[in-house]
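Observations on the model geometry
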Amino acid sequence: MAVAAFPSCGARRLNARPWLHAVRSSASSPSPPRSPSDVDGLGTAPASTAAAARSFFPKRGQTLELVCESLAFKGKGVCKVVDTGFVLMCDRALPGERFLGRVSRKKGNYAEVTKLKTISPHWDLVEAPCEYASACGGCKTQNLAYEAQLRAKEQQVRDLIVRMGRFSDGDPEFASVLKPIVPCDLKFHYRNKMEFSFGAQRWIPRDSFIDDHDQIESGFALGLHAPGFFDKVLHIEKCLLQSEAANKVLAVIQDSWRDPDLGLSPYDVHTHGGFLKHLMLRTGRDVKTGLPELMVNFVTSSYRPKLFEPLINKISAIPEVVSIMNNVNSSVGNTSVGEEEYVLHGKSTITETLRGLTFQISANSFFQTNSYQAEVLYKLIEDCAGLRGDGSEIVLDLFCGTGTIGLTLAKRVRHVYGYEVVAEAISDARRNAELNDIHNATFVQGDLNKINDNFGSDLPKADIVILDPNRPGLHMKLIKYLVKLQAPRVVYVSCNPASCARDLDYLCHGVADQGIRGCYQLKSIQPVDMFPHTPHIECVCLLELH
Ligand SMILES: C[S@@+](CC[C@H](N)C(=O)[O-])C[C@H]1O[C@@H](n2cnc3c(N)ncnc32)[C@H](O)[C@@H]1O
């Protein structure tokens, strides 16, 4: 049967982490193991082929001298043990850095180390502009020169596409398929939304990696969750990723909220007492003036508007603040979405513009968090879609969120059909269509992991499919559907190069044990940096029918 002729798709080795397997390219040798659940690419992280590495396995608690070679999933450093070549992962190790590390975690043939002490620094050291950079989990690579961050991201995409996607690095065609990463012009202040937490335990990071014990102060804190803790908060006065206007608001709140006269207490995740849970700051751009519009959203455990009055008087005096909201969440969980929502001041939405369209964003709407770079991303998507411009094409926008991608294409096509699992996002998408006078877009709520064989049978055949899944990528049911659909063009937008590489492999090379024959050809992969100083990588990939 023809299936046997497919390249082997490998065993379903759940959580396999074959660090010691040699790196192999699909052109000349059997494929490396892949697993549909290995959405972070750990199963195929760079591995050492050295004989010494095969005979060496570190013990938990052991101290080793290591050299970091590259960055992988979550920006973790891929590090080799000096002398043996054995590979371990280390948080906050950067390429070129030589350091002492202690083995903190061992699982199968996979291990992680905690950095103890730098022996010699990494190659592209710069001074981190943010005073919290070494402690806060948000911007782990601020002290790596931006060009080096881009190189590391590009390399990560290349490695994953070759290993997990089984595309051949040696093939001259591959060089033209993988495009150089698009940098982000705005290196700071690019996030339009930040979510801070109120906490009863203030986390003071350790001064040195040698001291394993972080310090906890009983003082109240407002900031970001301490990395690895659910109950401790790193108190911060400003964040360089959010807008200047949002930092003005944060400063005013930090100045006042701990005043005992106000009677505002942080929610305590241990006792479930206290009032303030989260503070969300959202910045948009007013369409007419181009000036920032700010939403302040307090998430609290109960509704007590009187308590807020003195604080609201101060915040509302900041001209950019057009909306102060209160989401009330009485559950013991840590979620910031309220069971009830109240307007404390101004309006309930802010405005954002994207590629000439206007979007009304409420406190809980999903929206691209870097609006400036989203413009660049959406232009790349539009270029990949290659619209004829005669208004004849059908676009299927899968994982459409609030419909932004489909809506930016709608005026040049016959019809857009958007699918999304979150009901509120679908309501927002419909509202956004109306707001922009778009009448050829239909948005449907549904779970794309649970589609049946009839999915899409009531639609005209799609000319272009846009896929924009979240980190786990595409379910096998959707892969089957796409292969059956045979749309001339598929634009795959991904925030996780590992699951993207796996899905590109499925769509192009097939999945033998599922009887799926790949029918698409990979035309281009365009990495885009949406979030400087963080490990996140976005890719826009174009597939065409063979
Ligand atoms: C990366 S976002 C993309 C949103 C949108 N395309 C945009 O650019 O704003 C992924 C979206 O997929 C949705 N999603 C996740 N799992 C889904 C599923 N199984 N079925 C349908 N939608 C899903 C999420 O709710 C989210 O809105």
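Fair warning: this is a prediction, and the values are worked out from it, not measured in the lab.

**What to know about the overall build of the protein**
Scanning the protein for helices and strands turns up ten helices and 23 strands. For the protein, the residues scored as buried account for 56% of the 546 residues in total. Long-range pairs, those at least 24 residues apart, make up 65% of the contacts in the protein between residues at least 6 apart in sequence. Element-wise, carbon and sulfur atoms account for 52% of the exposed surface of the protein, whose accessible area totals about 22,900 Å².

**Describing the side chain of His278**
For His278, the position within the fold is in strand β11 (residues 276-285). Here Ser197 takes part through its side chain, which lies 3.3 Å from a polar atom of the side chain of His278. Discounting residues that sit within four places of it in the chain, His278 has contacts with Glu195, Phe196, Ser197, Phe198, Asn297, Phe298, Val299, Asn334, Thr335 and Ser336.

**Describing the site of the ligand**
Of all residues adjacent to the ligand, which total 18 residues, the nearest are Tyr378, Glu420, Asp447, Leu448 and Asp468. Measuring from an oxygen atom of the ligand, one finds a side-chain N or O atom of Glu420 at 2.6 Å. In this structure, a nitrogen atom belonging to the ligand sits 2.8 Å away from a main-chain N or O atom of Leu448. In the complex, the protein chains occlude 88% of the 590 Å² of accessible area that the ligand would expose alone. Here the residues of the shell around the ligand are counted per class, giving nine nonpolar, six polar and three charged.

**Focus on the packing of helix α4 (residues 244-256) against helix α5 (residues 305-315)**
Axes are the key here: two packed helices are described by the angle between their axes and the distance separating the axes. Orientation of α4 relative to α5, taken along the N-to-C sense of each, is 145°, at an axis distance of 10 Å. Once α4 is placed against α5, the crossing between them reads as right-handed. Along the contact surface, α4 presents Val249, Val252, Ile253 and Ser256, while α5 presents Leu311, Lys314 and Ile315. Tallied by class, residues from the contact of α4 with α5 come to five nonpolar, one polar and one charged.

**Some words on the UniProt feature "active site" (unreviewed entry) in the protein**
In the numbering used here, UniProt assigns the feature "active site" (unreviewed entry) to Cys495. When you line up the elements, Cys495 lands in the loop between β21 (489-494) and α10 (497-509). Dropping the residues within four chain positions of it, Cys495 is found in contact with Pro469, Asn470, Arg471, Ile537 and Glu538.

**What about the packing of aromatic side chains?**
In total, this model carries ten aromatic pairs according to the counting rule given. Taking the centre distance of 6.2 Å and the plane angle of 20° together, the rings of Phe220 and Trp257 count as stacked. Of this pair, Phe220 sits in the loop between β8 (215-217) and β9 (221-225) while Trp257 sits in the loop between α4 and β11, and the two are 37 residues apart along the sequence. The exposure class assigned to Trp257 is buried, which follows from its relative accessible area of 0%. For the pair Tyr303 and Tyr342, a centre-to-centre distance of 3.6 Å together with 10° between the ring planes defines the contact as stacked. Separated by 39 residues along the polypeptide, Tyr303 in the loop between β12 (292-300) and α5 and Tyr342 in strand β14 (residues 340-346) bring together distant segments of the chain. Judged by relative accessible area, Tyr303 falls into the partly exposed class, the value being 37%. These aromatic residues form a ring-pair network of at least three members: Phe198, Phe220 and Trp257. Its end group placed over the ring of Tyr372, Arg285 keeps NZ or CZ at 5.1 Å from the ring centre.

**Examining the pattern of salt bridges**
A full pass over the atoms with the stated rule returns 25 salt bridges. Glu320 is the salt-bridge partner of Lys248, the closest N and O atoms lying 3.1 Å from each other. Residue Lys248 is found in helix α4, and its partner Glu320 is found in the loop between α5 and β13 (321-328); the two are separated by 72 residues along the sequence. Given a relative accessible area of 40%, Lys248 falls into the partly exposed group. Salt bridges sharing partners connect three or more residues here, namely Lys76, Arg105 and Glu112.

**Some details on the environment of His122**
Here His122 shows up in the loop between β5 (110-120) and α2 (146-163). The class of His122 is buried, set by a relative accessible area of 6%. Between the C-alpha atom of His122 and that of Phe99, which follows or precedes it by 23 residues, the distance is 9.6 Å. When residues no more than four places from it in sequence are discounted, the contact partners of His122 are Leu94, Pro95, Gly96, Glu97, Asn143 and Leu144.

**Description of the sheet that holds strand β3 (residues 87-90)**
Strand pairing within a sheet occurs via backbone hydrogen bonds; the two strands may be parallel or antiparallel. Overall, mixed pairing links the five strands, which are arranged β1-β2-β3-β5-β4 in a closed barrel. Strand-to-strand twist of the sheet, defined as the mean angle between neighbouring strand axes without regard to direction, takes the value 50°.

**Here we look at the environment of Asp255**
Looking at the element boundaries, Asp255 is found in helix α4. Residue Asp255 is classed as exposed on the basis of its relative accessible area of 71%.

**What about unusual backbone geometry?**
The backbone of Arg92 sits at a positive phi, close to 70°, despite the residue not being glycine. For Arg92, the location among the structural elements is in the loop between β3 and β4 (98-107). Even without being glycine, His272 reaches a positive phi, approximately 60°. If you trace the backbone, His272 turns up in the loop between α4 and β11.

**So, the state of the cysteines**
By the definition in use, this model includes zero disulfides. Cys384 forms no disulfide, and the closest cysteine sulfur to it belongs to Cys541, at a distance of 8.2 Å. Cys541 takes part in no disulfide bond, and the closest cysteine sulfur to it belongs to Cys500, at a distance of 3.7 Å. Since its relative accessible area comes to 0%, Cys541 is described here as buried.

**A few points about the pairing of β13**
In summary, the side chains of a regular strand alternate between the two faces of the sheet. Within β13, seven of the eight residues are buried, which leaves the element mostly enclosed by the surrounding structure. Relative to β13, β12 runs parallel, the two being bridged by seven bridges. Following the sheet pairing, Val296 is matched in β13 by Ile324. Tracing the backbone out of β12, into α5 and back to the parallel element β13 gives a crossover that is right-handed.

**A short note on the sheet that holds β21**
Here we have seven strands laid out as an open sheet, ordered β19-β18-β17-β20-β21-β23-β22, and mixed in their pairing. Each having just a single partner strand, β19 (441-445) and β22 (520-528) make up the two edges of the open sheet. Between one strand axis and the next, the sheet turns through 15° on average, direction left out of account. Pairing between strand β20 (residues 464-467) and β21: four bridges, direction parallel. Among the inter-strand pairings, Leu467 is bridged to a residue of β21, identified as Tyr492. Along the sheet, α10 contacts β21, β22 and β23 (538-545); its crossing angle with β21, the most-contacted strand, is approximately 160°.

Cut-offs and rules
- Residues numbered from 1 in each chain as written.
- Predicted model: local features only at pLDDT ≥ 70, side-chain atom pairs only at ≥ 80, totals over all residues.
- Heavy atoms only, no water.
- Helix = DSSP H or I, 4+ residues; strand = E, 2+ residues; numbered from the N terminus.
- Buried < 20%, exposed > 50% of the residue type's maximum accessible area, 1.4 Å probe, protein only.
- Contact = heavy atoms within 4.5 Å.
- Areas by Shrake-Rupley, 256 points an atom, 1.4 Å probe, with all protein chains shown as cover.
- Polar contact = N/O pair within 3.5 Å; in protein donor to acceptor, adjacent residues only side chain to side chain.
- Near = heavy atom within 4 Å.
- Nonpolar A, V, L, I, M, F, W, Y, C, P; charged D, E, K, R; others polar.
- Axes fitted to C-alpha atoms, helices over the stretch in contact; angles between N-to-C directions.
- Left-handed = near helix turned anticlockwise from the far one by under 90°.
- UniProt positions renumbered as here; feature names shortened; annotations may be inferred.
- Phe/Tyr/Trp six-rings, centres within 6.5 Å; stacked < 30°, edge-to-face > 60°.
- Lys NZ or Arg CZ within 6 Å of the ring centre and 35° of its normal.
- Salt bridge = Lys/Arg side-chain N within 4 Å of Asp/Glu carboxyl O.
- Pairing = 2+ DSSP bridges.
- Disulfide = S-S within 2.5 Å.
- Right-handed = clockwise from strand over helix to strand, strands pointing away.

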